[in-house]
Amino acid sequence: MNFSDLEQAALELNELYEQLEVKRWGRVWSTQELALGFTGDVGDLAKLIQAHAGVRTIENHHAKLGHELSDCLWSIMVLANKCGVDLEAEFIRNTREISAYVSGELAK
């Protein structure tokens, strides 16, 4: 799968979630509510990283770690789309800029 395929899958899942939100609550989550959900996922991810490092006990943490990383990636893709950010282009631009900076620092 390439980035566009992953993004399309994320957006299709978001459409399903929005249908469920309307069914349950009569409306879709706002961008702010999606961001709050993402914040919760990042907190869960941090705990799983601690378990991976051996400083927290969480049963089956490795399998849960993959799941939570995927949840976070999904949230980022959906939030970028809802905010009108071309995430793939921004990622490429950002990594190039940071790589150039780090390479310059290493060359000093």
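This text follows the structure it describes.
The written sequence of each chain sets the order in which its residues are numbered from 1. Where local features are concerned, this predicted model is filtered to residues with pLDDT of at least 70; where side-chain atom pairs are given and counted, the filter is 80 or more; whole-chain, interface and lining totals use all residues. With hydrogens and water set aside, each side-chain value is computed from the structure's full complement of heavy atoms.

Hey, could you run me through the side chain of asparagine 14 in this one?
For helices the rule is a DSSP run of H or I covering at least 4 residues; for strands it is a run of E covering at least 2, with both sets numbered from the N terminus onward. Among the secondary structure elements, asparagine 14 is positioned in helix α1 (residues 3-25). Once residues within four sequence positions are removed from consideration, asparagine 14 is found in contact with Trp74, Val78 and Lys82. The contact definition used throughout considers only heavy atoms, calling two residues in contact when any of these lie within 4.5 Å.

Looking at this structure, how should I read the nonpolar core?
Grouped burial of nonpolar side chains is what soluble globular proteins tend to show. Among buried residues, the Ala, Val, Leu, Ile, Met, Phe, Trp, Tyr and Cys ones that are joined through side-chain atoms within 4.5 Å form a nonpolar core. We call a residue buried when its accessible area falls under 20% of the maximum for its residue type, exposed when it is over 50%, and partly exposed in between, using a 1.4 Å probe and counting protein chains only. In terms of nonpolar packing, the biggest core is built from 14 residues, with Ala10 and Val78 touching the most fellow members. Taken together, the elements giving at least two residues each to this core come down to α1, α2 (31-53) and α3 (61-82). Tallying contributions element by element places α3 first for this core, with seven residues. Residues within four places of valine 78 in sequence aside, it is in contact with Ala10, Leu11, Asn14 and Leu34.

What am I meant to see in the environment of aspartate 71 here?
In this fold, aspartate 71 is placed in helix α3. On the accessibility criterion, aspartate 71 (25% relative accessible area) is partly exposed. In the structure, aspartate 71 is positioned 31 residues away from glycine 40 in sequence and 10 Å away in space, judged by C-alpha atoms.

Can you walk me through unusual backbone geometry in this structure?
Trans is the prevailing form of peptide bonds, just as negative phi is the prevailing case for residues other than glycine. Positive phi, close to 55 degrees, is recorded for asparagine 60, a residue that is not glycine. Within the element layout of this structure, asparagine 60 appears in the loop between α2 and α3.

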